[in-house]
Amino acid sequence: MSVMEVKTSLLDNMIGVGDMVLLEPLSEDSFLENLRNRFDHNEIYTYIGSVVISMNPYRSLPIFTPDKVEEYRNRNFYELSPHIYALADEAYRSLRDQDKDQCILITGESGAGKTEASKLVMSYVAAVCGKGQEVNKVKEQLLQSNPVLEAFGNAKTVRNDNSSRFGKYMDIEFDFKGDPLGGVISNYLLEKSRVVKQPRGERNFHIFYQLLSGASEDTLKKLKLDRDFSKYNYLSLDSAAVNGLDDAANFRTVRNAMQIVGFMEDEVQSVLELVAAVLKLGNIEFKHESRCNGTDESRIKDKNDLKEMCELLGIEQSVLERAFSYRTVEAKMEKVSTTLNVAQAYYARDALAKNLYSRLFSWLVTRINESIKAQTKARHKVMGVLDIYGFEIFEDNSFEQFIINYCNEKLQQIFIELTLREEQEEYVREGIEWTNIEYFNNAIICDLIENNQNGILAMLDEECLRPGTVTDETFLDKLNTICAEHQHFESRLSKNSKFLTDHSLPHNCFRIQHYAGKVLYRVEGFVDKNNDLLYRDLSQAMYKANHSLIKQLFPEGNPAKVNLKRPPTAGSQFKTSVGTLMKNLQTKNPNYIRCIKPNDKKASHIFTDSLVRHQVRYLGLMENVRVRRAGYAFRQAYEPCLERYKMLCKNTWPHWRGPAREGVEVLMADLQVPAEEFSYGRSKIFIRNPRTLFFLEERRRQCLQDLATLIQKIYRGWKCRSHFLLLKKSQIVVAAWYRRYAQQKKYQKIKSATTVVQSYARGWQARKLLRELKYQKRCEEAVTTIAAYWHGTQARMELRRLKQEARNKHAVTVIWAYWQGTQARRELRRLKEEARRKHAVAVIWAYWQGLKVRREYRKFFRANAGKKIYDFTIQRIMQKYFLGLKSSLPSMSPVDRSWPARPYLFLDGVHTELRKIFHLWRCKKYRGQFTEEKKAVYEEKLEASEIFKDKKALYPSSVSQPFKGDYLEISKNPKYQKLSSAVDDKVLLADVVNKINRANGKGTARIFLLTKKNFVLADQKTGQVKASVPLPDLTSVSVSTQSDGFFALKLKEGSASAVKGDFLLSSEHLIEIITKLHRIGATTADREQLNIDISDEFLVQFKQDKVCVKFIQATPKNGNTVACKRKNNRLLEVSVPTSP
């Protein structure tokens, strides 16, 4: 269907026949061919009247989107193509608007898609009903109950990877507005035999594989489980992994769904413990032992699995071990204890496993019902959804298939009854004559099974309760005796001679001819499965468990409530449940979904004729079509009928003004449809034969083609006229715009010419004015120039006069200077000559004295030569040493410890002293570069070293960290503006510290401000001052020797600040805080110096009590964090992580 096309009827663009009632000719082959045709075109839904046939496509189709939900919302059932949403919408609107309770019956064999169909119905109802927080919560709980029940009640079979192994009926309750209030779930006959044994190619229930695949290692360790499937006897290995099934992801989905539904965490853990216990139970094996009296008994081979199971369930191992070895039978006041052989022990083990899992599943259903039940007690509208096993015919059919097929017989019976009743009620309501319809009534088959006197279930119960030896063979003999003449019962050993030679009928089997076909049942296991017996010893052992959930599952094990009455059999319980279900369904308006599996390969696009034909037969679909067609094949209300076919008659086209029925009558008369082919009801027209409907559809199709041609002709004419008018209008617009443009251009030229003339006139006037102004300016400049020249002449004449006077004075000065110079030079020459003479005398005298001395001491020269050479050598060595030291001096850094090596041993003392002198000199040079602020910082670092070095483990890490002081930038931060204004003095240190609470040892963030007069503690968030303590009231500070940041500020006793006691604080800048406190005390003359106590144990005064703060080293657990804990009222213990 194209994007622009809109469907208004089931008959539009139909692939095949959308409603099988309209199939012509009607036969089994044409029925199958129609299903195949629609299936090949991805049309998986087909109607039989109001019944929906659903084919499993085995793949995802884009027909379940939110857009599809909106498309089918509040639409008539036959208005759109067949879809499961149409049936769900019809049921929901009938419940909401007509106040009719509804039920949706979903049937079909395993793998046909029943579970998915029920999910689609519930999701559609959840999407179209009201919204709101509470309503959405209820809807979510209803939808999330499915994953939980599927995990515990579904399994992989040869026919279906997600086969429901239990029947489920859910009543969804609605209020008067149609909003869901809650729901109630009923479960029927869980296939608990699957827990202990699975056919080849099948799996146990999903939850076992999901738990082992998806649980965390910690969870598996608590449950004492291993991920390896092969370690558990109850899990089949040949099909443990399923393609397209992610058990780990599904386990997470189940856990999330249980949380949404309302399971508590301890309840989920209890459920998983029971699942683990079932797996452990399957690993318990027995060995044969003979007693001295000759009787056989059994013993457990390996008790490890038994031990782990008992630990999970809180049972004494000896109690459960005895229950597996002995059986106690009570009769009136007597008790008889007998030993169990190996076969009986295995039977007891499997019976316990089956009962444990079955009762756990029933508890889950009950627990879900508690969560999803309606909270109000007012009357509710109810929509029931039945998802129950389909009819099953296997190669080996046993007790489970027998009761499943019995249930399907009852559903088929109520289906036929309700369908016929619905048809009859509609005919009576519309005033149409009712004709009796012949059909096969399967009541005779239901009676064969459920008759209280001679029914198969009654005889099975009688055989189970009969004293003496009871076996499956005795039960078959009884059936052969009583049911031999029944026309739907067949047995090789019956009195009916016609089956004596039927080799397709084994001796240990019987055959029942169901409405869907003949089914062969093997009697082996019928008696045991019907008894479903669990030894009382095992029930009592389970009741003794300390596990809270186990006691609820085995109430009969309570010794105070021992009931000797035999419990009801499985068959009688199921019969009662089915009877209750049938009564419930008969009170509601039924809606049917018949699911069909197209092939056994679970593959898409494959349609197996034989398989689908078999399902069509046993679902009774052909019979359903015949029932619907027995009277009238098609019916439709007058209004939509007239709206659809009114174009076939000139009198009704295009509008009919009268009542719709009269319009339909005029229409049918004009078309000359034979009167026997239709009847008029009160609100609908009934058409007997599909050929008549197809005749109307063909005429409508031809008429639509003619109308389409007419519409195209009119549309094309309108389009051409519209185009011509548009061109005409465009021409007018273009002409108007051109004229406007031409006038604009002419105006622009005139405007431009005017502007040029104006500019020339204004230019001439401006130039004339400029000439006048220039002449006036030149006159003014001439006057100024003449005056300047006159003043200049006067000034130069005065200057020449002054210069002449100065030259005269200078000449006199020069002459006098030359005369003085001549006199001075003459005197100088005289003095030099006199000095030369004296110098010559002195030189001659010196030479003479030297000559005399050399002559006198020449004889002593050889005796003193060695000492002189030695002194000269030492002098040269010292000179070379000092010059070398000058070129190899180390850097000017005070921390540089390098120094040139001494060249000679006799220089050792000098070398050491020079090194000390050089180091002191460069330290002085380095200190000279310091500013006052830097000096103060180094003085604080020096003082911190004197206080904490080798005393506090935290000190080495603080050496490289500069003392910043104001870490919060309190004067600049607008957040602390109020706090900054509250402090009068300059803030020396501002940091965030933790104030330790005595009650629990936890810290509260506080702002710590330190000034020269006091320290302040304020709230970090609000900046409110919590405490302001004058520094004279601070007597001492106590810290530990370890790497923590805890310190105690001890106050003077009796002072106003000490009312609440001392302060125990923690800070990352402990070294800086205490150093500044100590430095302020040392620089203040009127106050004693602050005492600093460094110890791993000290007392702190809290109000009236003294508390000991003790520091211990501990292994880091939660990172390298220091933890403070309160040990008692008098002790706070601080755990400091050990340094790696």
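How each quantity is defined
Residues numbered from 1 in each chain as written. Predicted model: local features only at pLDDT ≥ 70, side-chain atom pairs only at ≥ 80, totals over all residues. Heavy atoms only, no water. UniProt positions renumbered as here; feature names shortened; annotations may be inferred. Core = buried A, V, L, I, M, F, W, Y, C linked by side-chain atoms within 4.5 Å. Buried < 20%, exposed > 50% of the residue type's maximum accessible area, 1.4 Å probe, protein only. Helix = DSSP H or I, 4+ residues; strand = E, 2+ residues; numbered from the N terminus. Contact = heavy atoms within 4.5 Å. Pairing = 2+ DSSP bridges. Phe/Tyr/Trp six-rings, centres within 6.5 Å; stacked < 30°, edge-to-face > 60°. Lys NZ or Arg CZ within 6 Å of the ring centre and 35° of its normal. Axes fitted to C-alpha atoms, helices over the stretch in contact; angles between N-to-C directions. Patch = residues over 30% accessible without salt bridge, like charges linked within 9 Å, V, L, I, M, F, W, Y side chains within 5 Å. Areas by Shrake-Rupley, 256 points an atom, 1.4 Å probe, with all protein chains shown as cover. Salt bridge = Lys/Arg side-chain N within 4 Å of Asp/Glu carboxyl O. Domains from an automatic or database assignment. Expected span 1.5 Å × (residues − 1). Arc of directions from axis to C-beta.

Where an unreviewed UniProt entry is consulted, the protein appears under the name Unconventional myosin-Ib, with the organism given as Salarias fasciatus. Under the Subcellular location (unreviewed entry) heading, UniProt states for the protein: "Cytoplasm, Cell cortex".

**Q** How should I be thinking about the nonpolar core in this particular structure?
**A** In globular proteins that are soluble, nonpolar side chains generally tend to be buried together. Core analysis: the biggest nonpolar cluster contains 208 residues, and Phe-31, Phe-152, Leu-320, Phe-324 and Phe-510 have the highest contact counts within it. For this core, the leading source of residues is helix H12 (residues 342–372), giving 15 residues. When sequence neighbours within four positions are dropped, the list of residues in contact with Phe-152 reads Phe-205, Ile-207, Val-271, Val-275, Tyr-357, Leu-360, Phe-361 and Leu-364. Counting residues in each nonpolar core, the second largest holds 32 residues, with Ala-1027, Val-1039, Leu-1049 and Leu-1077 among its members.

**Q** Looking at this model, I keep getting lost on the UniProt feature "binding site: ATP" (unreviewed entry) in the protein. Mind explaining?
**A** When the UniProt feature table is mapped to this numbering, "binding site: ATP" (unreviewed entry) covers Gly-108, Glu-109, Ser-110, Gly-111, Ala-112, Gly-113, Lys-114 and Thr-115. With respect to the helices and strands, the residue Glu-109 is situated in the loop between strand S3 (102–107) and helix H4 (114–128). The exposure class assigned to Glu-109 is buried, which follows from its relative accessible area of 3%. Apart from the residues lying within four places of it in its own chain, the contact partners of Glu-109 are Lys-114, Arg-159, Gly-390, Phe-391, Cys-595, Lys-597, Leu-611, Gln-615 and Tyr-618. Relative to the elements of secondary structure, Gly-113 occurs in the loop between S3 and H4.

**Q** Got a minute to help me understand the environment of Lys-978 in this structure?
**A** Among the secondary structure elements, Lys-978 is positioned in helix H30 (residues 977–982). Residue Lys-978 is classed as exposed on the basis of its relative accessible area, which comes to 70%. C-alpha separation for the pair Lys-978 and Phe-263, spaced 715 residues apart in sequence, amounts to 53 Å.

**Q** Can you help me understand the pairing of strand S26 (residues 1063–1066) in this one?
**A** If a strand is regular, its side chains alternate between the two faces of the sheet. Alternating positions in S26 separate into two faces, Phe-1063 and Leu-1065 on one and Leu-1064 and Ser-1066 on the other, with burial throughout. The pairing of strand S20 (residues 989–996) with S26 spans two bridges and is antiparallel. The residue of S26 that forms the bridge with Lys-995 is Leu-1065. As paired elements, strand S25 (residues 1046–1051) and S26 share four bridges and run antiparallel to each other. The residue of S26 that forms the bridge with Ala-1048 is Leu-1064.

**Q** I tried to follow the packing of aromatic side chains on my own but got confused; where do I start?
**A** Note on aromatic pairs: each is described by the distance of the centres and the angle between the planes. Counted by the stated rule, this structure contains 30 aromatic pairs. Between the aromatic rings of Tyr-85 and Tyr-124, the centroid separation amounts to 4.9 Å while the plane-to-plane angle is 25°, which identifies the pairing as stacked. Taken together, the positions of Tyr-85 in helix H3 (residues 84–98) and Tyr-124 in helix H4 put the pair 39 residues apart, joining distant regions of the chain. Here Tyr-85 falls in the buried class, since its relative accessible area comes to 2%. For Tyr-124, a relative accessible area of 0% puts it in the buried group. One aromatic cluster is present, formed by Phe-399, Phe-402, Phe-475, Phe-489, Phe-510, Tyr-521 and Phe-526 through successive ring pairs. Over the aromatic face of Tyr-326 sits the side chain of Arg-322, whose NZ or CZ is 4.4 Å from the ring centroid. The ring centre of Phe-263 lies 5.2 Å from the NZ or CZ of Arg-367, which sits over that ring.

**Q** Teacher, can you tell me more about the sheet that holds strand S31 (residues 1131–1137) here?
**A** The strand order across the open sheet built from four strands is S28-S29-S31-S30, with neighbouring strands paired in mixed fashion. Strands with a single pairing partner mark the edges of an open sheet, and in this sheet they are strand S28 (1097–1102) and strand S30 (1123–1128). Taking each pair of neighbouring strands and ignoring which way they run, the sheet shows an average axis angle of 30°. In this sheet, strand S29 (residues 1105–1114) lies alongside S28 in antiparallel orientation, the contact comprising six bridges. Residue pairing in the sheet places Phe-1098 in a bridge with Val-1109 of S29.

**Q** Would you explain the sheet that holds strand S15 (residues 517–522) in this entry?
**A** In spatial order, the strands read S13-S14-S15; together these three strands make up an open sheet with antiparallel pairing. Of all strands in the sheet, those with a lone pairing partner are strand S13 (489–491) and S15, marking the two edges. Between one strand and the next, the sheet's axes are offset by a mean angle of 25°, whatever the strand orientation. Of the pairings in the sheet, the one linking S13 to strand S14 (residues 509–514) comprises three bridges and is antiparallel in character. Bridging across to S14, Ser-491 finds its partner in Phe-510. Relative to the sheet, helix H14 (residues 443–450) contacts S13 and S14, its axis offset from that of S14 by approximately 150°. Strands in contact with helix H16 (residues 472–482) are S13 and S14; relative to S13, the strand with the most contacts, it is inclined by about 125°.

**Q** Please explain the pairing of strand S7 (residues 180–188) as it appears in this structure.
**A** Pairing between strand S6 (residues 167–174) and S7: eight bridges, direction antiparallel. Bridging across to S7, Met-170 finds its partner in Ile-185. Hairpin remark: S6 followed by S7, antiparallel, with five residues in the connecting loop; positive phi at Gly-178, about 90°.

**Q** Please explain a nonpolar patch on the surface as it appears in this structure.
**A** The grouping of Tyr-926, Val-937 and Tyr-938 at the surface amounts to a nonpolar patch, some 250 Å² of accessible area in total. As for its placement among the helices and strands, Val-937 is situated in helix H28 (residues 932–948).

**Q** What's the story with the side chain of Ser-164 in this structure? I'm lost.
**A** Of note, Ser-164 is situated in strand S5 (residues 163–164). Among residues more than four places away in sequence, those in contact with Ser-164 are Thr-115, Gly-153, Asn-154 and Asp-387.

**Q** Before we go on, may I ask you to explain the pattern of salt bridges in this structure?
**A** Once the charged atoms of two side chains with opposite charge are near each other, the side chains can pair. Considering all chains together, one arrives at 55 salt bridges under this definition. The residue Arg-255 makes a salt bridge to Glu-265 at a minimum N-O spacing of 3.0 Å. Of this pair, Arg-255 sits in helix H8 (residues 247–261) while Glu-265 sits in helix H9 (residues 265–282), and the two are ten residues apart along the sequence. Salt bridges sharing partners connect three or more residues here, namely Glu-28, Asp-29, Arg-613 and Arg-617.

**Q** It is not clear to me how the domain arrangement of the protein should be interpreted in this structure. Could you clarify?
**A** When the parts come together, some accessible area is lost, and that loss is often what is quoted as the size of the interface. We note that the domain assignment places domain 1 (283–357 + 530–561), domain 2 (436–528), domain 3 (634–693) and domain 4 (932–1090) within the protein. Computed over C-alpha atoms only, the centres of domain 1 and domain 3 are separated by 75 Å.

**Q** Just to check I follow, could you spell out the environment of His-655 for this structure?
**A** Here His-655 shows up in the loop between helix H23 (638–645) and helix H24 (660–671). Spatially, the C-alpha atoms of His-655 and Phe-251 are 62 Å apart, while their sequence positions differ by 404 residues.

**Q** Help me understand H28, please; the structure alone is not making it clear to me.
**A** In an α-helix there are 3.6 residues to a turn, and that puts residues three or four apart on one side. With 17 residues, H28 ought to run about 24 Å at 1.5 Å a step, and its terminal C-alpha atoms sit 24 Å apart, in line with that. Among all positions of H28, only Glu-940, Lys-941, Glu-943, Ala-944, Ile-947 and Phe-948 are buried. Looking down the long axis of H28, one finds its buried residues gathered within 165° of arc, a one-sided arrangement. Facing away from the buried side of H28, by more than 90 degrees, are the exposed residues Glu-932, Leu-942 and Glu-946. Once H28 ends, the next one or two residues include Asp-950, with phi positive near 65°.

**Q** What is the right way to read helix H6 (residues 206–214) from this model?
**A** For H6, a buried count of eight out of nine residues is recorded, marking the element as mostly surrounded by other parts of the structure. Among all positions in H6, only His-206, Ile-207, Phe-208, Tyr-209, Gln-210, Leu-211, Leu-212 and Gly-214 are buried. In this fold, the buried residues of H6 make contact with helix H5 (133–153), strand S4 (154–155), helix H7 (217–223), H8, H9 and H12.

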